[in-house]
Amino acid sequence: MLALGKLLELTLAGREPAEKTQLTVEGVRMRWLSEGALEVRPPEARDNGLDLLLSAGIHGNETAPIELLDRLLHDIARGDLKPRARILFLFGNPEAIRKGERFIEQDVNRLFNGRHEQTSGSEALRACELERLAASFFSLPDRDRLHYDLHTAIRGSKIEQFALYPWKEDRQHSRQELARLRAAGMEAVLLQNKPSIVFSSYTYDKLGAESFTLELGKARPFGQNDGVNVSLLETRLKQIIEGTEPELTEEALNGLQLFSVAREIIKHSDSFRLNLPADIENFSELEVGYLLAEDIAQTRWIIEEEGARIIFPNPKVKNGLRAGILIVPTTDENLA
Ligand SMILES: O=C(O)CCC(=O)N[C@@H](CCC(=O)O)C(=O)O
Ligand SMILES: [Zn+2]
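Named according to an unreviewed UniProt entry, the protein is Succinylglutamate desuccinylase originating from Pseudomonas migulae. UniProt lists a comment for the protein under the heading Pathway (unreviewed entry), and it reads "Amino-acid degradation; L-arginine degradation via AST pathway; L-glutamate and succinate from L-arginine: step 5/5." Per its UniProt entry, the protein bears the Catalytic activity (unreviewed entry) comment "N-succinyl-L-glutamate + H2O = L-glutamate + succinate".

## A word on the sheet that holds strand S13 (residues 291-295)
Spatially, S11-S13-S14 is the arrangement adopted by the three strands of the open sheet, whose pairing is antiparallel. On the outer flanks of this sheet lie strand S11 (273-274) and strand S14 (299-302), each paired with one strand and no other. The pairing of S13 with S14 spans four bridges and is antiparallel. What sits directly across from Glu294, in S14, is Arg300.

## Points about the side chain of Glu210
Mapped onto the elements of the fold, Glu210 is located in strand S9 (residues 210-218). Here Glu210 falls in the buried class, since its relative accessible area comes to 15%. Within polar-contact distance, the side chain of Glu210 engages the side chain of Tyr165 at 2.6 Å. Discounting chain neighbours no more than four positions away, the residues touching Glu210 are Arg145, Leu146, His147, Tyr165, Arg171, Ser174, Glu177 and Tyr204.

## Concerning the site of ligand 1
Looking at ligand 1, there are 15 residues lining it, with Asn109, Arg110, Ile154, Thr213 and Glu215 nearest. Here an oxygen atom of ligand 1 sits 3.0 Å away from a polar atom, N or O, in the side chain of His59. Take Asn109: an N or O atom from its side chain is 2.9 Å from an oxygen atom of ligand 1. Notes on ligand 1: free accessible area 430 Å², of which the protein chains cover 98%. For the shell around ligand 1, the secondary structure elements donating two or more residues are strand S6 (144-153) and S9. If you tally residues by element for the shell around ligand 1, the top one is S6, at three residues.

## Some words on helix H5 (residues 175-183)
Of the residues making up H5, those classed as buried are Glu177, Leu178, Ala179, Arg180 and Leu181. Residues of H5 that are buried in the fold lie against S6, strand S7 (162-165), strand S8 (188-191), S9, helix H7 (231-242) and strand S10 (257-266). Between the side-chain oxygen at the start of H5 and the backbone nitrogen of Gln176 there is a gap of 3.3 Å, and the oxygen is on Ser174. A positive backbone phi angle near 100° is found at Gly185, which sits one or two residues after H5.

## Concerning the nonpolar core
Formed by 52 residues in total, the largest nonpolar core has its most connected members in Leu54, Phe89, Tyr148 and Leu214. No other element matches helix H2 (residues 63-78), which puts eight residues into this core. Discounting chain neighbours no more than four positions away, the residues touching Leu54 are Leu69, Leu72, Ile87, Leu88, Phe89, Leu90, Tyr148, Leu237 and Ile241. In terms of nonpolar packing, the next biggest core, distinct from the first, is built from 18 residues, Ile58, Leu90, Ala127 and Ala209 among them.

## Side note on unusual backbone geometry
Of note, the phi angle at Asp170 is positive, near 65°, even though the residue is not glycine. Mapped onto the elements of the fold, Asp170 is located in the loop between S7 and H5. The residue Phe312 is not glycine, and still its phi comes out positive at about 55°. Within the secondary structure, Phe312 sits in the loop between strand S15 (309-311) and strand S16 (322-329). Residue Phe312 is classed as buried on the basis of its relative accessible area, which comes to 18%.

## Section: the pairing of strand S3 (residues 37-41)
The buried fraction of S3 amounts to four of the five residues, a majority that puts the element mostly inside the structure. The sheet contact formed by strand S2 (residues 29-34) and S3 spans five bridges and is antiparallel. Directly across from Trp32, in S3, lies its bridge partner Leu38. With four bridges connecting them, S3 and strand S5 (residues 86-91) associate as antiparallel partners. The residue of S5 that forms the bridge with Glu39 is Leu88.

Definitions and limits used
- Residues numbered from 1 in each chain as written.
- Chains lettered and ligands numbered in written order.
- Predicted model: local features only at pLDDT ≥ 70, side-chain atom pairs only at ≥ 80, totals over all residues.
- Heavy atoms only, no water.
- UniProt positions renumbered as here; feature names shortened; annotations may be inferred.
- Pairing = 2+ DSSP bridges.
- Helix = DSSP H or I, 4+ residues; strand = E, 2+ residues; numbered from the N terminus.
- Buried < 20%, exposed > 50% of the residue type's maximum accessible area, 1.4 Å probe, protein only.
- Polar contact = N/O pair within 3.5 Å; in protein donor to acceptor, adjacent residues only side chain to side chain.
- Contact = heavy atoms within 4.5 Å.
- Near = heavy atom within 4 Å.
- Areas by Shrake-Rupley, 256 points an atom, 1.4 Å probe, with all protein chains shown as cover.
- Core = buried A, V, L, I, M, F, W, Y, C linked by side-chain atoms within 4.5 Å.

Set out below in structure tokens:
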């Protein structure tokens, strides 16, 4: 296998490759751009006009998605997977991946869309670099742009695999992309309704890509991901990469549960208290009238929405950040 196929090994060792560019026997060019960043380019005659950004390890302890990208890269480097798409592989936070931690000082996935400029440290620099790499990758005109930012969650979930679809004013969420996600094994999609500071929101909002955060199961250390079944996603990604995706029909959306954000729970101070059991699962339902959280100055978060569910509850986030999302079921009537 070509050495550049071992991007994960290089990243874990903190090493630069001796050769920055390599060609597979199929004429696929692999180019190392920076730590944890590798571009794959098919021969011109095979290029189908899709630019695909695949990122993982934005949180260093979320290893199943990193292992998935590693397998795809190995297959490309061996010539077993023959890309027609141009691809950028990114391992988001190399230092945190090496330590097996979500982050070192700051959550990289709260530093996009300009946030990294308001702070300092290695993770702010990395967020800036990831923006630059993504912007340069998605700078070619007249091409389709798709970004999947792959994650696993801190806790178990009543809905194991789901996507978060960013929001931008005057831009509609795409039915076609939702059908593609359904085919890739996603059981639910959360349609965002305001701007955000996560990576997928940056590529959606600023770079015009169809972008998603994908949650694939519960976060575990390297080698312990048997419980995270990514087979449908892996098959779909291979088809997208090789340009062999079966056509998607309207029915492909069947069974996909849609949610919208009712409220983001923001932790304002050290007095913040979240009234949920430590082992509560994502998508747990909360009854109307339930006192979900309390914070400084008698702030109280009481459930008002019928059918409300909680995802990503986390009272340990830094002040000013999201400590959970309250979501409610929605319909597909506003999709393009
Ligand atoms: O399990 C958790 O609490 C967090 C899992 C995770 O890392 N999720 C992403 C979602 C990003 C988005 O909002 O699109 C995150 O919190 O960064
Ligand atoms: Zn994550």
